[in-house]
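# An overview of the molecular structure
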Amino acid sequence: MATTPQTVPAAPKAEGDLQDLAKRHLWMHFTRMGAYKDADVPVITRGEGCYVWDDQGNRYLDGLSALFCVNSGHGRTEIGEAMSAQAAELGFFTNWSYAHPRAIELAARIASYAPGDLNRVFFTSGGSEAVESAMKLCRNWHRMRGDGQRHKVIAREIAYHGTTLGALSATGITALRSVFEPLAPGGCHVPNTNEYHWPEGRDALWAADAIEERIVFEGPETVSAVILEPVQNAGGCFTPQDGYFQRVREICDRYGVLLISDEVICSWGRLGYWFGCERYGYQPDLITTAKGLTSAYAPMGAVIASDRIAEPFLEGTASFAHGFTFGGHPVSAAAAMANLDILEREGINGHVRTKEGEFRSMLEGLRELDIVGDVRGAGFFQAIELVKDKETRESFDDEESERLLRGFLSGELYRSGLICRADDRGDPVIQLSPPLVADTEQFEEIDGILRSVLTEAWKRL
Ligand SMILES: Cc1ncc(COP(=O)(O)O)c(C=O)c1O
């Protein structure tokens, strides 16, 4: 399992240039580095709005916001200026027994946006740490209430919740898990909400009810939490059925299980709201977030906990014995504050809600291509599922998928000037998640490139 490499033909290079150094020293994440033996590593050197440029001067439309995270777009100098001012004032201090103004202000601001009684913010350095922290917090909370057996977490098949051994036990992608087993114990998986491959006539809330079945099967007294994304990324933007989250909330309440809304991608405007749970009208006990909080100008994540979860930790000698040196880093917090200023000032949530219909209908138009089976998603977070046979919805087998995604699509989309994700962690999909400032011009560009590359892909198959 690796991301599909964006290979560009190798150009002659001198020892010590960026290509040479990258190939000799840089260990890229989730990357088949062997793919760069005879091809160049794409080196992105600058960005502006929805576009980035490589070291050869080629321009690309960043249809993925780098990795679902540059929400306010590239080249926002005001975020850099805020970071620089913060570094000059106080470059670093920790949140271990100390506070500093930016972390306090940011925590209060996040609490003011978060729904219901989600009021307490625990900062981390990124998404996996946020998920790891939330999972530990849930276990600790149950234990403090005398419910020490509750340690299991229920997540969905194909969902990605991060890579640390605890978060990985929630991740539901076999290829990412199997090479690292044994993982932290307690990860249990249930079906996701991808109805495209469900048999006809299945009850709409079947996937929600599967969570109850699993809780009962495991023994409710052993289950700590359910962790779900508002829209599941891996597998290709699986949206919830109407009433799905309301049913899940009821189930969690019935069995004393906590609900974690993993919004590492789905918050900060990605779905047109501060938080994805607002869009679907449910109240989680905890939210995990990262990425778009700073629009990725600095690493930062957070767990946002309700008053109910925080309460036992606020009295007497109690503490949450967990933390990270860089949690709440003042420079990251300053980046987040400046980023949130931009999102607010430019009315980004409203922009996404106003424009998502236009973006979606452009993608819907691609259904006329033989290779496009399904189009799904919400806000500026959409996916196109590729199929071998539209009638039967038959997917590509592993070998075909390899040829299609890695052998052709990924490289060709990149060479055509579009950065997006061709992914086969479930069935093959193309994922799109442009910066939230994207507009008609970018939608049309995405449409044009996808149409021609997907048409060519079908011919080659
Ligand atoms: C839903 C979700 N949770 C957790 C993570 C892990 O975040 P990070 O890569 O910042 O550790 C991701 C990353 O994409 C994610 O999408």
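Throughout what follows, the structure given in this document is the object of discussion. These numbers were taken from a predicted model, which means no experiment stands behind them.

## Notes on the overall build of the chain
For the chain, the helix and strand inventory stands at 15 helices and 17 strands. Expected size for 461 residues packed as a compact globule is a radius of gyration near 23 Å; at 22 Å, the chain falls within 12% of this value. Dimensions of the chain along its principal axes, counting C-alpha atoms only, are 65 × 60 × 45 Å. Counting over 461 residues, the chain shows a buried share of 57%. Considering only intrachain contacts with a sequence separation of at least 6, the fraction spanning at least 24 residues in the chain is 72%. Counting 45 positive and 66 negative side-chain charges, the chain places the averaged centre of each group 2 Å from the other.

## Here we look at the pattern of salt bridges
Here the structure, examined in full by the defined rule, presents 38 salt bridges. For Arg376, the salt bridge goes to Asp374, with nearest N and O atoms at 2.9 Å. For the pair Arg376 and Asp374, one class covers both residues: buried. What you see here is one network of salt bridges that share partners, running through Arg360, Glu364, Arg367, Asp374, Arg376 and Glu385.

## Digging into the site of the ligand
Near the ligand you find Gly126, Gly127, Ser128, Tyr160, His161, Gly162, Glu229, Asp262, Val264, Ile265 and Lys291, and these make up its full shell. Between the ligand and the protein, one listed contact pairs an oxygen atom with a backbone N or O atom of Gly127 at 2.8 Å. At 3.1 Å, a side-chain N or O of Lys291 approaches an oxygen atom of the ligand. Against a free-state accessible area of 390 Å², the protein chains account for coverage of 81% of the ligand. Its residues assigned to classes, the shell around the ligand comprises three nonpolar, five polar and three charged.

## Considering the layout of surface pockets
Taken as a whole, the second largest pocket holds about 830 Å³ of empty space. Looking at the second largest pocket, it is lined by 28 residues, and the ones nearest its centre are Asn95, Arg120, Val121, Phe122 and Phe320. Of all the elements, strand S6 (residues 118-124) adds the most residues to the lining of the second largest pocket, at four residues. Here the lining of the second largest pocket is composed, by residue class, of 20 nonpolar, seven polar and one charged.

## With respect to the environment of Ala39
In this fold, Ala39 is placed in strand S2 (residues 39-40). For the pair formed by Ala39 and Gln19, sequence separation is 20 residues and the distance between their alpha carbons is 9.8 Å.

## Some points on the side chain of Asn192
As for its position among the elements, Asn192 is in the loop between strand S8 (187-190) and helix H8 (206-218). In terms of polar contacts, Asn192 uses its side chain to reach the backbone carbonyl oxygen of Glu157, at 2.9 Å. Beyond its immediate sequence surroundings of up to four residues, Asn192 is in contact with Arg156, Glu157, Ile158, Trp198, Ala207, Gln232 and Phe238.

## As for the sheet that holds strand S16 (residues 421-423)
Spatial ordering of the open sheet is given by S13-S14-S17-S16, a layout of four strands whose pairing is antiparallel. Two strands close off the open sheet at either side, each with one partner strand: strand S13 (372-378) and S16. The mean inter-strand angle of the sheet, taken between neighbouring strand axes irrespective of direction, is 20°. As judged from the six bridges shared by S13 and strand S14 (residues 381-386), these two strands associate in the antiparallel manner. By the bridge assignment for S14, Val375 is matched with Ile384.

## A few points about the packing of aromatic side chains
Throughout the structure, instances matching the rule amount to 18 aromatic pairs. Judged by centre distance (5.7 Å) and plane angle (70°), the ring pair of Phe359 and Phe380 falls under edge-to-face. On the criterion of sequence distance, the pair formed by Phe359 in helix H13 (residues 348-364) and Phe380 in the loop between S13 and S14 is long-range, its members being 21 residues apart. Neither residue differs from the other here; Phe359 and Phe380 are each classed as buried. Seen in terms of ring centroids, Phe359 and Phe443 are 4.9 Å apart; in terms of plane orientation they differ by 20°. Their pairing is stacked. Of this pair, Phe359 sits in helix H13 while Phe443 sits in helix H15 (residues 440-460); the two residues are 84 residues apart in sequence, bridging distant segments of the chain. A relative accessible area of 2% places Phe443 in the buried class. Members of the aromatic cluster, connected to one another through ring pairs, are Tyr113, Trp268, Trp274 and Phe275. The cationic tip of Arg46 hangs over the ring face of Trp53; the distance from NZ or CZ to the ring centre is 4.1 Å. Arg202 extends its terminal NZ or CZ atom over the ring of Trp206, reaching a point 3.5 Å from the ring centre.

## Looking at unusual backbone geometry
For the bond from Glu181 to Pro182, the omega torsion is 5°, close enough to zero to count as cis. Its location among the elements puts Pro182 in the loop between helix H7 (174-177) and S8. Unusually for a residue other than glycine, Ser97 sits at a positive phi of about 70°. Along the chain, Ser97 turns up in the loop between helix H3 (77-89) and helix H4 (101-113). Residues other than glycine seldom take positive phi values, yet Arg393 does so here, at roughly 65°. As for its position among the elements, Arg393 is in the loop between S14 and helix H14 (398-415). In this structure Arg393 comes out as partly exposed when scored by relative accessible area, which is 38%.

Definitions and limits used
Throughout, a residue's number is its position along its own chain's written sequence, starting from 1. Per-residue local features are limited, in this predicted model, to residues with pLDDT of at least 70; the limit for side-chain atom pairs, both in listing and counting, is 80 or more; totals at the level of whole chains, interfaces and linings are taken over all residues. The basis for the side-chain values is all heavy atoms of the structure; hydrogens and waters are excluded. Put simply, DSSP marks the helices as runs of H or I at least four residues long and the strands as runs of E at least two long, and each gets a number from the N terminus on. The globule rule used here is 2.2 Å times the number of residues to the 0.38 power, and the radius of gyration it is set against is calculated over C-alpha atoms. Here's how the labels work: a residue is buried when its accessible area is under 20% of the maximum for its type, exposed when over 50%, partly exposed in between, all with a 1.4 Å probe on protein chains only. In what follows, residue pairs with any heavy atoms lying within 4.5 Å of each other are defined as contacts. For the purpose of counting charges, residues Lys and Arg are taken to be positive, whereas Asp and Glu are taken to be negative. His and the chain ends are not included. Each charge is placed at NZ for Lys, CZ for Arg, CG for Asp and CD for Glu. Counted as salt bridges are all cases of a side-chain nitrogen of Lys or Arg within 4 Å of a carboxyl oxygen of Asp or Glu. Working definition: residue near molecule or strand if any one of its non-hydrogen atoms lies within 4 Å of it. The term polar contact refers here to a pair of N or O atoms within 3.5 Å; inside protein, the definition further demands a hydrogen-donor-capable atom paired with an acceptor-capable atom, and it admits residues adjacent in sequence only when both atoms are side-chain atoms. Shrake-Rupley sampling with a 1.4 Å probe provides the accessible areas, and residues are treated as covered by the protein chains on show and by no other component. For this classification, Asp, Glu, Lys and Arg are treated as charged, while Ala, Val, Leu, Ile, Met, Phe, Trp, Tyr, Cys and Pro are nonpolar and the rest, including Gly, are polar. Put plainly, a pocket is an open set of points on a 1 Å grid over the protein atoms alone with protein on both sides within 12 Å along at least five of seven lines, a cavity is a set where a 1.4 Å probe fits but cannot get out, and a lining residue has an atom within 4 Å of a point. Grid points are joined across faces, edges and corners, and a volume is the space filled by probe spheres set on the points. Pairing between strands requires that DSSP locate at least two bridges from one strand to the other. To obtain each axis, a line is fitted to C-alpha atoms, and for helices this fit is confined to the stretch in contact; angles are then taken between N-to-C directions over 0 to 180 degrees. Put simply, two rings from Phe, Tyr or Trp (the six-membered ring, in Trp's case) pair if the centres are within 6.5 Å, and we call them stacked under 30 degrees between planes, edge-to-face over 60, tilted for the rest. Here, a charge over a ring means that NZ of Lys or CZ of Arg falls within 6 Å of the ring centre while also lying within 35 degrees of the ring normal.

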